[in-house]
Amino acid sequence: MSLTSMLNDTCTISTVNFSQNTATGGATNAMSGGSTLRCSVQADGSYEALMAQRLTGQTQFKVFFPYGTTVRPEDRITWRGRTLAVISSVVDGAGRFIYTMVRAQETIGGGGT
């Protein structure tokens, strides 16, 4: 079974838009509406992710998208009603131009991102 056939869920990617007020110089961040596309979300079971979860109370995931999907580290992913913060750059893990993967985390227990 190929990974592209395993992209059996949907995610919405929301982009953060940064702007600066020309009068005051203050910065503002606003989330723009997102694009919905096929994805696969898996819990990150790596040792580092499990240790980080124990220390910070934040669950980490690996999120897979079709190759060519634009995702930035400051973006947010909405999946099954949960909001995940992207914490890595896009990786073509297979090196075959089939899918891309990012790491994301969900804040649990009231912790901050």
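Residues numbered from 1 in each chain as written. Predicted model: local features only at pLDDT ≥ 70, side-chain atom pairs only at ≥ 80, totals over all residues. Heavy atoms only, no water.

(A) Focus on the nonpolar core. Core analysis: the largest hydrophobic core is formed by 14 residues, its most contacted members being C11, V41, V63, F65, I77 and L84. Going through the elements one at a time, strand 1 (9-20), strand 2 (27-43), strand 3 (58-66), strand 4 (76-79), strand 5 (82-86) and strand 6 (99-107) are the ones with two or more residues in this core. Residue contacts for L84: discarding those within four places in its chain leaves V41, F61, V63, D75, R76, I77, W79, A104, Q105 and E106. (Core = buried A, V, L, I, M, F, W, Y, C linked by side-chain atoms within 4.5 Å. Buried < 20%, exposed > 50% of the residue type's maximum accessible area, 1.4 Å probe, protein only. Helix = DSSP H or I, 4+ residues; strand = E, 2+ residues; numbered from the N terminus. Contact = heavy atoms within 4.5 Å.)

(B) Here's a closer look at unusual backbone geometry. At R80, a position not held by glycine, the phi torsion is positive, near 50°. Along the chain, R80 turns up in the loop between strand 4 and strand 5.

(C) View of the environment of D92. Residue position: D92 is located in the loop between strand 5 and strand 6. For the pair D92 and G68, spaced 24 residues apart in the sequence, the C-alpha separation amounts to 9.5 Å. Aside from chain neighbours lying at most four places away, what touches D92 is Y67, F97 and Y99. At a separation of 3.3 Å, a polar atom in the side chain of D92 contacts the main-chain amide nitrogen of F97. (Polar contact = N/O pair within 3.5 Å; in protein donor to acceptor, adjacent residues only side chain to side chain.)

(D) Representation of the environment of L7 within the structure. Examined against the element boundaries, L7 turns out to sit in the segment before strand 1. A relative accessible area of 4% means that L7 is categorised as buried. Expressed as a C-alpha distance, the spacing of L7 and V41, which sit 34 residues apart in the sequence, is 8.6 Å. Those residues in contact with L7, other than ones at most four positions away along the chain, are R38, C39, S40, F64, F65 and P66.

(E) Molecular detail of the packing of aromatic side chains. One pass over the full model with this rule turns up three aromatic pairs. The interplanar angle of 65° and the centroid separation of 5.5 Å between the aromatic rings of F64 and Y99 together place this pair among those described as edge-to-face. Separated by 35 residues along the polypeptide, F64 in strand 3 and Y99 in strand 6 bring together distant segments of the chain. Residue class for F64 comes out buried when judged on its relative accessible area of 9%. (Phe/Tyr/Trp six-rings, centres within 6.5 Å; stacked < 30°, edge-to-face > 60°.)

(F) Summary view of the environment of C39. Counting through the fold element by element, C39 comes out in strand 2. Classification of C39 by relative accessible area gives buried; the value is 0%. Along the chain, C39 and F65 lie 26 residues apart, while their C-alpha atoms are 4.8 Å from each other. With residues near it in sequence (within four places) discarded, C39 still touches M6, L7, N8, D9, T10, C11, F64, F65 and W79.

Coordinates in, geometry out; function isn't part of it.
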